[in-house]
Amino acid sequence: MIKMGILQVLKTQLLCHLIICYVFLVSGFIINLLQLCTLPLWPINKQLARKINCRLGYSISSQLVALLEWWSGTECTLYTDPESYPLYGKENAIVVLNHNFEIDFMTGWTFCERFGVLGSSKVLAKKELSYVPVIGWMWYFLEIVFCKRKWEEDRKTVVQSLRNLQDYPENFWFLLHCEGTRFTEKKHKISMEVAEKKGLPKLKYHLLPRTKGFCVTAQNLRGKVTAVYDSTLNFRNNEMPTLLGVLNGKKYHADLYVRRIPLETIPEDESECAAWLHKLYQEKDEFQEHYRQTGRFPGPITSPPRRPWALLNWLFWVCLLVYPLCMLLLQMLLSGSTFTVFCTCVFCLAGTWDKDKGMGLLFLIDYNVSWCNK
(Lines give C-alpha, C1' and ligand atoms only; values in the text may rest on other atoms or scores of the structure.)
Protein backbone atom coordinates (compact mmCIF):
# COMPACT_ATOMS: atom_id res chain seq x y z
CA MET A 1 0.00 0.00 0.00
CA ILE A 2 2.85 2.36 0.86
CA LYS A 3 4.57 1.56 -2.44
CA MET A 4 1.34 2.19 -4.34
CA GLY A 5 0.93 5.49 -2.49
CA ILE A 6 4.44 6.60 -3.45
CA LEU A 7 3.88 5.58 -7.06
CA GLN A 8 0.62 7.52 -7.21
CA VAL A 9 2.34 10.63 -5.83
CA LEU A 10 5.10 10.29 -8.43
CA LYS A 11 2.50 10.15 -11.20
CA THR A 12 1.24 13.59 -10.20
CA GLN A 13 4.66 15.26 -10.36
CA LEU A 14 5.41 17.68 -13.17
CA LEU A 15 8.90 16.24 -13.62
CA CYS A 16 7.36 12.87 -14.59
CA HIS A 17 5.00 14.65 -16.96
CA LEU A 18 7.89 16.50 -18.59
CA ILE A 19 9.75 13.20 -19.08
CA ILE A 20 6.68 11.63 -20.71
CA CYS A 21 6.37 14.66 -22.98
CA TYR A 22 10.08 14.57 -23.84
CA VAL A 23 10.00 10.86 -24.70
CA PHE A 24 6.84 11.22 -26.81
CA LEU A 25 8.08 14.19 -28.82
CA VAL A 26 11.69 13.08 -29.35
CA SER A 27 10.74 9.50 -30.23
CA GLY A 28 8.06 10.91 -32.52
CA PHE A 29 10.56 13.04 -34.42
CA ILE A 30 12.89 10.05 -34.76
CA ILE A 31 10.06 7.89 -36.12
CA ASN A 32 8.95 10.66 -38.49
CA LEU A 33 12.52 10.72 -39.84
CA LEU A 34 12.45 6.94 -40.31
CA GLN A 35 9.13 7.26 -42.12
CA LEU A 36 10.66 9.86 -44.42
CA CYS A 37 13.38 7.32 -45.25
CA THR A 38 10.70 4.93 -46.57
CA LEU A 39 9.78 7.30 -49.42
CA PRO A 40 12.30 5.79 -51.91
CA LEU A 41 10.79 2.36 -51.17
CA TRP A 42 7.24 3.33 -52.26
CA PRO A 43 7.81 3.15 -56.07
CA ILE A 44 9.76 -0.11 -55.65
CA ASN A 45 7.59 -2.03 -53.19
CA LYS A 46 4.57 -0.04 -51.99
CA GLN A 47 3.14 -2.86 -49.90
CA LEU A 48 6.39 -3.32 -47.96
CA ALA A 49 6.58 0.44 -47.37
CA ARG A 50 3.01 0.37 -46.03
CA LYS A 51 3.79 -2.48 -43.63
CA ILE A 52 6.89 -0.70 -42.34
CA ASN A 53 4.93 2.51 -41.80
CA CYS A 54 2.23 0.61 -39.90
CA ARG A 55 4.88 -0.57 -37.42
CA LEU A 56 6.48 2.86 -37.17
CA GLY A 57 3.07 4.50 -36.67
CA TYR A 58 2.27 1.96 -33.97
CA SER A 59 5.40 3.00 -32.11
CA ILE A 60 3.98 6.53 -31.77
CA SER A 61 0.26 5.93 -31.16
CA SER A 62 0.85 3.04 -28.75
CA GLN A 63 2.60 5.45 -26.37
CA LEU A 64 -0.75 7.20 -25.77
CA VAL A 65 -2.39 3.81 -25.31
CA ALA A 66 0.30 2.88 -22.76
CA LEU A 67 -0.42 6.16 -20.97
CA LEU A 68 -4.09 5.19 -20.60
CA GLU A 69 -3.70 1.45 -19.99
CA TRP A 70 -0.53 1.20 -17.92
CA TRP A 71 0.18 4.65 -16.47
CA SER A 72 -3.44 5.51 -15.62
CA GLY A 73 -4.50 1.87 -15.21
CA THR A 74 -7.86 2.58 -16.88
CA GLU A 75 -10.01 -0.54 -17.29
CA CYS A 76 -11.94 -1.29 -20.49
CA THR A 77 -15.04 -3.49 -20.64
CA LEU A 78 -16.65 -4.53 -23.91
CA TYR A 79 -20.35 -5.28 -24.38
CA THR A 80 -20.85 -7.20 -27.61
CA ASP A 81 -22.37 -10.22 -29.31
CA PRO A 82 -20.23 -13.35 -28.64
CA GLU A 83 -20.68 -14.39 -32.30
CA SER A 84 -19.20 -11.10 -33.51
CA TYR A 85 -16.29 -11.01 -31.04
CA PRO A 86 -14.05 -13.53 -32.92
CA LEU A 87 -14.24 -11.33 -36.04
CA TYR A 88 -12.84 -8.20 -34.36
CA GLY A 89 -9.34 -7.55 -35.64
CA LYS A 90 -9.74 -10.20 -38.35
CA GLU A 91 -11.67 -8.02 -40.80
CA ASN A 92 -11.70 -4.46 -42.09
CA ALA A 93 -14.40 -2.28 -40.53
CA ILE A 94 -15.81 1.23 -40.27
CA VAL A 95 -16.13 2.15 -36.58
CA VAL A 96 -18.79 4.74 -35.73
CA LEU A 97 -17.96 6.34 -32.35
CA ASN A 98 -19.90 8.76 -30.18
CA HIS A 99 -18.01 11.91 -29.20
CA ASN A 100 -18.82 12.88 -25.61
CA PHE A 101 -15.47 12.69 -23.79
CA GLU A 102 -12.08 14.33 -23.89
CA ILE A 103 -10.28 10.99 -24.04
CA ASP A 104 -12.63 9.04 -26.30
CA PHE A 105 -9.95 8.99 -29.02
CA MET A 106 -7.55 7.30 -26.57
CA THR A 107 -10.21 4.77 -25.63
CA GLY A 108 -10.90 4.05 -29.29
CA TRP A 109 -7.19 3.51 -29.89
CA THR A 110 -7.04 1.23 -26.83
CA PHE A 111 -9.64 -1.10 -28.33
CA CYS A 112 -7.79 -0.96 -31.65
CA GLU A 113 -4.66 -2.03 -29.79
CA ARG A 114 -6.38 -4.91 -27.99
CA PHE A 115 -7.50 -6.36 -31.32
CA GLY A 116 -4.17 -5.73 -33.07
CA VAL A 117 -5.18 -3.01 -35.57
CA LEU A 118 -3.78 0.11 -33.89
CA GLY A 119 -0.87 0.59 -36.28
CA SER A 120 -3.13 0.45 -39.34
CA SER A 121 -6.20 2.28 -37.97
CA LYS A 122 -7.48 5.18 -40.09
CA VAL A 123 -9.41 8.39 -39.41
CA LEU A 124 -10.94 11.26 -41.36
CA ALA A 125 -8.85 14.25 -40.28
CA LYS A 126 -8.50 17.96 -41.05
CA LYS A 127 -5.98 18.72 -43.78
CA GLU A 128 -4.11 21.13 -41.48
CA LEU A 129 -3.14 18.23 -39.22
CA SER A 130 -0.98 16.67 -41.92
CA TYR A 131 1.50 19.51 -41.21
CA VAL A 132 1.59 18.94 -37.45
CA PRO A 133 4.80 17.20 -36.26
CA VAL A 134 4.71 13.68 -34.80
CA ILE A 135 1.07 12.52 -35.12
CA GLY A 136 0.18 14.60 -38.18
CA TRP A 137 3.30 13.53 -40.07
CA MET A 138 2.77 9.92 -38.93
CA TRP A 139 -0.78 10.04 -40.34
CA TYR A 140 0.50 11.30 -43.68
CA PHE A 141 2.60 8.15 -44.13
CA LEU A 142 -0.27 5.97 -42.91
CA GLU A 143 -2.46 7.28 -45.75
CA ILE A 144 -4.96 8.90 -43.43
CA VAL A 145 -7.84 10.56 -45.30
CA PHE A 146 -7.46 14.34 -44.96
CA CYS A 147 -10.13 16.92 -45.82
CA LYS A 148 -10.58 20.70 -45.66
CA ARG A 149 -14.16 20.59 -44.33
CA LYS A 150 -15.38 22.11 -47.61
CA TRP A 151 -17.31 19.24 -49.12
CA GLU A 152 -17.43 20.58 -52.66
CA GLU A 153 -13.62 20.66 -52.70
CA ASP A 154 -13.13 17.58 -50.54
CA ARG A 155 -15.32 14.99 -52.21
CA LYS A 156 -12.98 14.11 -55.07
CA THR A 157 -9.90 14.00 -52.79
CA VAL A 158 -11.66 11.93 -50.12
CA VAL A 159 -13.01 9.46 -52.70
CA GLN A 160 -9.55 8.98 -54.21
CA SER A 161 -7.93 8.52 -50.77
CA LEU A 162 -10.54 5.90 -49.83
CA ARG A 163 -10.12 4.04 -53.11
CA ASN A 164 -6.36 3.93 -52.51
CA LEU A 165 -7.10 1.72 -49.48
CA GLN A 166 -8.65 -1.02 -51.64
CA ASP A 167 -5.28 -2.82 -51.89
CA TYR A 168 -4.12 -2.03 -48.33
CA PRO A 169 -2.13 -5.05 -47.04
CA GLU A 170 -3.14 -4.86 -43.36
CA ASN A 171 -6.47 -5.26 -41.61
CA PHE A 172 -7.66 -1.79 -40.58
CA TRP A 173 -10.45 -0.01 -38.73
CA PHE A 174 -11.65 3.32 -40.12
CA LEU A 175 -12.71 5.41 -37.09
CA LEU A 176 -15.43 8.00 -37.63
CA HIS A 177 -16.89 10.61 -35.27
CA CYS A 178 -19.98 11.31 -37.38
CA GLU A 179 -21.10 14.11 -35.04
CA GLY A 180 -18.08 16.08 -36.24
CA THR A 181 -17.39 17.73 -32.88
CA ARG A 182 -17.47 16.87 -29.19
CA PHE A 183 -20.82 17.02 -27.41
CA THR A 184 -21.54 20.11 -25.29
CA GLU A 185 -24.85 21.48 -24.05
CA LYS A 186 -24.51 24.55 -26.25
CA LYS A 187 -23.74 22.53 -29.38
CA HIS A 188 -26.53 20.10 -28.53
CA LYS A 189 -29.07 22.91 -28.32
CA ILE A 190 -28.04 24.25 -31.72
CA SER A 191 -28.04 20.76 -33.22
CA MET A 192 -31.55 20.02 -31.97
CA GLU A 193 -32.79 23.30 -33.43
CA VAL A 194 -31.49 22.08 -36.79
CA ALA A 195 -33.21 18.72 -36.21
CA GLU A 196 -36.51 20.50 -35.58
CA LYS A 197 -36.18 22.53 -38.77
CA LYS A 198 -35.41 19.40 -40.82
CA GLY A 199 -38.15 17.37 -39.20
CA LEU A 200 -35.72 14.84 -37.69
CA PRO A 201 -36.26 13.11 -34.33
CA LYS A 202 -34.40 14.87 -31.52
CA LEU A 203 -31.49 13.20 -29.73
CA LYS A 204 -30.79 13.44 -26.02
CA TYR A 205 -27.17 12.30 -25.75
CA HIS A 206 -25.79 12.96 -29.24
CA LEU A 207 -25.54 15.69 -31.86
CA LEU A 208 -27.04 15.15 -35.29
CA PRO A 209 -24.64 13.02 -37.37
CA ARG A 210 -23.05 14.53 -40.45
CA THR A 211 -24.01 12.00 -43.06
CA LYS A 212 -21.92 12.88 -46.13
CA GLY A 213 -18.59 11.65 -44.77
CA PHE A 214 -20.04 8.35 -43.58
CA CYS A 215 -21.97 7.71 -46.81
CA VAL A 216 -18.95 8.40 -49.03
CA THR A 217 -16.72 6.26 -46.79
CA ALA A 218 -19.16 3.32 -46.82
CA GLN A 219 -19.70 3.63 -50.57
CA ASN A 220 -15.99 3.68 -51.49
CA LEU A 221 -14.82 1.01 -49.06
CA ARG A 222 -17.36 -1.58 -50.20
CA GLY A 223 -15.54 -4.73 -51.23
CA LYS A 224 -12.69 -3.93 -48.81
CA VAL A 225 -14.66 -3.36 -45.60
CA THR A 226 -17.09 -6.06 -44.49
CA ALA A 227 -18.85 -4.43 -41.52
CA VAL A 228 -19.71 -1.30 -39.58
CA TYR A 229 -19.05 -1.41 -35.82
CA ASP A 230 -21.57 0.81 -34.09
CA SER A 231 -19.68 1.77 -30.91
CA THR A 232 -21.16 3.65 -27.95
CA LEU A 233 -18.80 4.71 -25.14
CA ASN A 234 -19.51 5.64 -21.54
CA PHE A 235 -17.59 5.83 -18.27
CA ARG A 236 -18.72 4.43 -14.97
CA ASN A 237 -19.90 6.54 -12.04
CA ASN A 238 -20.84 9.38 -14.43
CA GLU A 239 -17.19 10.39 -14.62
CA MET A 240 -15.98 12.85 -17.26
CA PRO A 241 -12.36 11.76 -17.77
CA THR A 242 -9.73 14.23 -18.95
CA LEU A 243 -6.27 14.04 -20.46
CA LEU A 244 -4.91 15.74 -17.37
CA GLY A 245 -6.54 13.10 -15.17
CA VAL A 246 -4.92 10.33 -17.20
CA LEU A 247 -1.57 12.12 -17.01
CA ASN A 248 -1.91 12.34 -13.22
CA GLY A 249 -2.48 8.58 -13.07
CA LYS A 250 -6.21 8.71 -12.31
CA LYS A 251 -7.91 5.40 -13.03
CA TYR A 252 -11.16 5.32 -15.00
CA HIS A 253 -13.40 2.50 -16.20
CA ALA A 254 -14.62 2.63 -19.79
CA ASP A 255 -17.64 0.68 -21.01
CA LEU A 256 -18.01 0.23 -24.77
CA TYR A 257 -21.04 -1.26 -26.47
CA VAL A 258 -20.31 -2.57 -29.99
CA ARG A 259 -22.75 -3.92 -32.57
CA ARG A 260 -21.44 -5.51 -35.74
CA ILE A 261 -23.55 -4.53 -38.76
CA PRO A 262 -22.66 -6.16 -42.12
CA LEU A 263 -21.90 -3.43 -44.64
CA GLU A 264 -24.02 -5.19 -47.25
CA THR A 265 -27.15 -4.42 -45.18
CA ILE A 266 -26.53 -0.65 -45.37
CA PRO A 267 -28.17 1.14 -48.34
CA GLU A 268 -25.88 2.26 -51.15
CA ASP A 269 -28.07 5.18 -52.20
CA GLU A 270 -26.79 8.34 -50.46
CA SER A 271 -30.18 9.60 -49.26
CA GLU A 272 -31.17 6.16 -47.97
CA CYS A 273 -27.76 5.77 -46.33
CA ALA A 274 -28.20 9.16 -44.61
CA ALA A 275 -31.61 8.08 -43.29
CA TRP A 276 -30.04 4.83 -42.04
CA LEU A 277 -27.35 6.77 -40.16
CA HIS A 278 -29.94 9.03 -38.49
CA LYS A 279 -31.81 5.92 -37.35
CA LEU A 280 -28.56 4.47 -36.04
CA TYR A 281 -28.01 7.54 -33.85
CA GLN A 282 -31.54 7.29 -32.50
CA GLU A 283 -30.68 3.74 -31.43
CA LYS A 284 -27.37 4.93 -29.93
CA ASP A 285 -29.41 7.43 -27.90
CA GLU A 286 -31.53 4.58 -26.57
CA PHE A 287 -28.40 2.66 -25.56
CA GLN A 288 -27.11 5.70 -23.67
CA GLU A 289 -30.46 6.08 -21.92
CA HIS A 290 -30.32 2.40 -20.93
CA TYR A 291 -26.82 2.95 -19.51
CA ARG A 292 -27.88 6.03 -17.53
CA GLN A 293 -30.77 4.11 -15.97
CA THR A 294 -29.08 0.77 -15.29
CA GLY A 295 -25.33 1.53 -15.16
CA ARG A 296 -24.60 -0.89 -17.98
CA PHE A 297 -25.22 -1.54 -21.66
CA PRO A 298 -27.37 -4.45 -22.87
CA GLY A 299 -25.74 -7.75 -23.72
CA PRO A 300 -22.93 -9.96 -22.43
CA ILE A 301 -19.66 -8.57 -21.07
CA THR A 302 -16.09 -9.37 -22.00
CA SER A 303 -12.73 -7.74 -21.25
CA PRO A 304 -10.27 -8.03 -24.16
CA PRO A 305 -6.87 -8.75 -22.60
CA ARG A 306 -4.21 -6.06 -22.53
CA ARG A 307 -1.29 -6.79 -24.82
CA PRO A 308 2.23 -6.02 -23.53
CA TRP A 309 3.53 -4.43 -26.74
CA ALA A 310 2.43 -0.86 -26.02
CA LEU A 311 4.16 -0.95 -22.61
CA LEU A 312 7.31 -2.58 -23.99
CA ASN A 313 7.49 -0.02 -26.80
CA TRP A 314 7.11 2.85 -24.32
CA LEU A 315 9.76 1.39 -21.97
CA PHE A 316 12.14 0.98 -24.91
CA TRP A 317 11.90 4.68 -25.76
CA VAL A 318 12.17 5.69 -22.09
CA CYS A 319 15.38 3.69 -21.67
CA LEU A 320 16.80 4.95 -24.96
CA LEU A 321 16.03 8.65 -24.43
CA VAL A 322 16.03 9.27 -20.67
CA TYR A 323 19.55 7.92 -20.09
CA PRO A 324 21.29 10.60 -22.23
CA LEU A 325 19.06 13.25 -20.62
CA CYS A 326 20.16 12.11 -17.14
CA MET A 327 23.81 12.10 -18.24
CA LEU A 328 23.42 15.64 -19.53
CA LEU A 329 21.96 16.82 -16.22
CA LEU A 330 24.74 15.03 -14.34
CA GLN A 331 27.41 16.72 -16.47
CA MET A 332 25.78 20.08 -15.83
CA LEU A 333 25.86 19.45 -12.07
CA LEU A 334 29.50 18.40 -12.21
CA SER A 335 30.53 21.27 -14.48
CA GLY A 336 31.53 23.45 -11.54
CA SER A 337 29.59 26.45 -12.83
CA THR A 338 27.49 27.92 -9.99
CA PHE A 339 24.92 29.28 -12.42
CA THR A 340 24.57 25.95 -14.26
CA VAL A 341 24.23 23.98 -11.01
CA PHE A 342 21.63 26.47 -9.74
CA CYS A 343 19.55 26.26 -12.96
CA THR A 344 19.68 22.45 -12.95
CA CYS A 345 18.51 22.30 -9.32
CA VAL A 346 15.67 24.74 -10.03
CA PHE A 347 14.54 22.63 -12.98
CA CYS A 348 14.52 19.45 -10.89
CA LEU A 349 12.71 21.11 -7.96
CA ALA A 350 10.13 22.54 -10.34
CA GLY A 351 9.17 18.99 -11.15
CA THR A 352 7.70 18.62 -7.65
CA TRP A 353 5.51 21.73 -7.93
CA ASP A 354 1.87 20.81 -7.46
CA LYS A 355 0.04 23.63 -9.24
CA ASP A 356 -1.27 23.08 -12.80
CA LYS A 357 0.60 19.79 -13.10
CA GLY A 358 1.23 18.58 -16.61
CA MET A 359 -0.49 21.38 -18.49
CA GLY A 360 2.40 21.68 -20.95
CA LEU A 361 2.13 18.04 -22.01
CA LEU A 362 -1.65 18.24 -21.99
CA PHE A 363 -1.52 21.09 -24.50
CA LEU A 364 0.97 19.33 -26.76
CA ILE A 365 -0.86 16.00 -26.85
CA ASP A 366 -4.31 17.60 -27.14
CA TYR A 367 -3.07 19.77 -30.03
CA ASN A 368 -1.74 16.70 -31.87
CA VAL A 369 -5.07 14.88 -31.54
CA SER A 370 -7.34 17.91 -31.79
CA TRP A 371 -9.01 16.41 -34.85
CA CYS A 372 -11.26 14.66 -32.35
CA ASN A 373 -12.56 17.89 -30.89
CA LYS A 374 -13.18 20.14 -33.90
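Because the structure is predicted, anything quoted here is derived from the model rather than measured.

1. Overview of the UniProt feature "transmembrane region" (unreviewed entry) in the protein chain
In the UniProt entry, the feature "transmembrane region" (unreviewed entry) is given for residues 12-34, 129-147 and 311-330. Across residues 129-147 one finds 37% helix and 16% strand; the C-alpha atoms that close the span lie 10 Å apart.

2. Concerning helix H8 (residues 211-220)
Taking burial as the measure, the ten residues of H8 include eight buried ones, the bulk of the element. Along H8, the residues that are buried comprise Thr211, Gly213, Phe214, Cys215, Val216, Thr217, Ala218 and Asn220.

3. Let's talk about the packing of aromatic side chains
Under the definition given, this model contains 19 aromatic pairs. Between tyrosine 88 and tyrosine 229, the ring centres sit 4.8 Å apart and the planes meet at 65°, which makes this aromatic pair edge-to-face. Residue tyrosine 88 is found in the loop between strand S1 (75-80) and strand S2 (93-97), and its partner tyrosine 229 is found in strand S6 (residues 227-235); the two are separated by 141 residues along the sequence. Judged on exposure class, the residue tyrosine 88 and its partner tyrosine 229 are both buried. Taking 5.7 Å as the distance between ring centres and 90° as the angle between the ring planes, the aromatic pair formed by phenylalanine 105 and tryptophan 109 counts as edge-to-face. Highlighted residues: phenylalanine 105 and tryptophan 109, both in helix H4 (residues 104-114), separated by four residues, approximately one helical turn. Per residue, the accessibility class of phenylalanine 105 equals that of tryptophan 109, and both read buried. Of the aromatic side chains, those joined through ring pairs into one cluster are Tyr79, Tyr257, Phe287, Tyr291 and Phe297. A cation over an aromatic ring shows up here: lysine 284 above the ring of tyrosine 281, its NZ or CZ 5.5 Å from the ring centre. Just above the ring of tryptophan 70 sits the side chain of arginine 306; from NZ or CZ to the centre is 3.9 Å.

Criteria and cut-off values
Residues numbered from 1 in each chain as written. Predicted model: local features only at pLDDT ≥ 70, side-chain atom pairs only at ≥ 80, totals over all residues. Heavy atoms only, no water. UniProt positions renumbered as here; feature names shortened; annotations may be inferred. Helix = DSSP H or I, 4+ residues; strand = E, 2+ residues; numbered from the N terminus. Buried < 20%, exposed > 50% of the residue type's maximum accessible area, 1.4 Å probe, protein only. Phe/Tyr/Trp six-rings, centres within 6.5 Å; stacked < 30°, edge-to-face > 60°. Lys NZ or Arg CZ within 6 Å of the ring centre and 35° of its normal.

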